[in-house]
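# Observations on the model geometry
Residue strings, one per chain:
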Amino acid sequence: MSIKKYNIKCRRQGKRDVFLRGKHGSGSIGRRTFLSGAVGFIATLLLSPVVARTVKSHASALTEDPWQTLSIVQDHLFPSEANSPGAKEINAISYLRNMLADPVTDTDEKEFILNGVKWLNELAVERHEAVFMDLTLLQQSALLQQISKTTAGRNWISKLLSYLLEALLSDPVYGGNPDGVGWKWLEHRPGYPRPPMNKRYYDLLKI
């Protein structure tokens with residue numbers, strides 16, 4: 001679905017335009033803002049079955065789009081810092097790719113996340129005559145701030161943040177949070193017993 005058609009659909013539903021063109025946001029998507037707003041959500045995720053989804057490795061395909069663009073967006077949303085892990089350190093893109101490949105994940109959600117890359121590139125080309133990954137960091141940041149002012153853009157970023165949190169907090173047996181890097185950073189002690197490799201979520205579904 002094109003961004004134009006999606007906007008028409010949103011208007012019919014009484015919602016604001018998707019990835020609205022022509023406006024630049026003035027806020028920032030910073031780590032402090034992200035984490036301070038996510039504290040309650042983190043507690044929910046820890047109890048949610050969503051963190052128990054499976055993860056498999058698809059590293060060889062992660063340098064291609066839409067994964068490369070999604071990886072860049074993740075880096076903006078959760079950048080690496082000297083004393084804390086970022087999206088790269090928690091294997092966020094591998095985790096997201098595997099979640100979208102999981103048949104349990106809602107089909108509409110998969111389509112929405114992947115279409116978001118298409119819409120983001122359409123907007124990038126319209127404004128800068130280049131796809132998102134070819135923009136400067138400042139241009140990318142400005143574009144993300146712009147789409148965060150729209151309903152669908154905000155929902156798209158929210159979905160990506162949810163998967164970032166899952167990658168940060170889930171047991172390493174599912175692929176994200178390697179060596180418990182997220183737990184160590186948050187000084188979190190995981191519950192026991194932890195799931196063994198032969199009793200991961202997708203293994204149990206096969207029984």
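To keep things clear, this report deals only with the structure shown in the data block.

### Things to note about the side chain of His76
When you line up the elements, His76 lands in helix H3 (residues 67–77). Residue class for His76 comes out buried when judged on its relative accessible area of 17%. Looking at His76, its side chain comes within polar contact range of the side chain of Gln140, at 2.8 Å.

### Section: the packing of helix H4 (residues 92–101) against helix H7 (residues 151–169)
The packing of two helices is summarised by the inter-axis angle and the distance between the axes. As a packed pair, H4 and H7 sit with axes 9 Å apart at the nearest point and diverge in direction by 110°. Between H4 and H7, the crossing angle belongs to the class labelled roughly perpendicular. The handedness of the crossing between H4 and H7 comes out as right-handed. Facing Ala92, Tyr95, Leu96, Met99 and Leu100 of H4, the residues of H7 in contact are Leu160, Tyr163, Leu164, Glu166 and Ala167. For the contact of H4 with H7, the residue count by class is nine nonpolar, no polar and one charged.

### Brief notes about the packing of aromatic side chains
A complete count under the given rule lists two aromatic pairs for this structure. Each ring, one from Phe112 and one from Trp119, has its centre 6.2 Å from the other, and the planes form 65°; the classification is edge-to-face. Exposure remark for Phe112: the relative accessible area of 13% places this residue in the buried category. In this structure Trp119 comes out as buried when scored by relative accessible area, which is 0%.

### Thoughts on helix H5 (residues 107–128)
For H5, spanning 22 residues, the distance from its first C-alpha to its last is 31 Å, which sits close to the expected 32 Å at 1.5 Å a residue. Buried residues of H5: Glu109, Lys110, Phe112, Ile113, Asn115, Gly116, Val117, Trp119, Leu120, Asn121, Leu123 and Ala124, and no others. For H5, the N-terminal cap is Asp106; the gap from its side-chain oxygen to the backbone nitrogen of Asp108 is 3.0 Å. Among the residues trailing H5, Glu129 stands out with phi positive, at a value near 60°.

### Comments concerning H3
Counting buried positions along H3 gives nine out of eleven residues, so the element sits mostly inside the fold. For H3, the full list of buried residues reads Trp67, Thr69, Leu70, Ser71, Ile72, Val73, Gln74, His76 and Leu77.

### Focus on the nonpolar core
If you look at the biggest cluster of nonpolar residues, it comprises 38 residues, and the most contacted ones within it are Leu70, Phe132 and Trp156. Among the secondary structure elements, those contributing two or more residues to this core are H3, H4, H5, helix H6 (137–147) and H7. When residues in this core are grouped by element, the largest group, eleven residues, is from H7.

### Overview of the packing of H3 against H7
The N-to-C vectors of H3 and H7 enclose an angle of 80°; their axes lie 11 Å apart at closest approach. One way to sum up the angle between H3 and H7 is to call them roughly perpendicular. Along its contact with H3, which presents Leu70, Val73, Gln74 and Leu77, the element H7 presents Trp156, Ile157, Leu160, Leu161 and Leu164. Broken down by class, the residue content of the contact of H3 with H7 amounts to eight nonpolar, one polar and no charged.

### A closer look at the pattern of salt bridges
Working definition: two side chains of opposite charge can pair if their charged atoms are close together. Within the structure shown, the criterion is met by three salt bridges. Lys159 serves as the salt-bridge partner of Glu109, at 3.0 Å between the closest nitrogen and oxygen. In this pair, Glu109 is assigned in helix H5 and Lys159 in helix H7, connecting sequence segments 50 residues apart. A salt bridge links Arg194 to Asp171; the shortest N-O distance between them is 2.8 Å. Residue Arg194 is located in the loop between helix H8 (181–186) and helix H9 (201–205), and its partner Asp171 is located in the loop between H7 and H8; the two are separated by 23 residues in the primary sequence.

What counts and what doesn't
- Residues numbered from 1 in each chain as written.
- Predicted model: local features only at pLDDT ≥ 70, side-chain atom pairs only at ≥ 80, totals over all residues.
- Heavy atoms only, no water.
- Helix = DSSP H or I, 4+ residues; strand = E, 2+ residues; numbered from the N terminus.
- Buried < 20%, exposed > 50% of the residue type's maximum accessible area, 1.4 Å probe, protein only.
- Polar contact = N/O pair within 3.5 Å; in protein donor to acceptor, adjacent residues only side chain to side chain.
- Axes fitted to C-alpha atoms, helices over the stretch in contact; angles between N-to-C directions.
- Parallel < 35°, antiparallel > 145°, perpendicular 65-115°, else oblique.
- Left-handed = near helix turned anticlockwise from the far one by under 90°.
- Contact = heavy atoms within 4.5 Å.
- Nonpolar A, V, L, I, M, F, W, Y, C, P; charged D, E, K, R; others polar.
- Phe/Tyr/Trp six-rings, centres within 6.5 Å; stacked < 30°, edge-to-face > 60°.
- Expected span 1.5 Å × (residues − 1).
- Core = buried A, V, L, I, M, F, W, Y, C linked by side-chain atoms within 4.5 Å.
- Salt bridge = Lys/Arg side-chain N within 4 Å of Asp/Glu carboxyl O.

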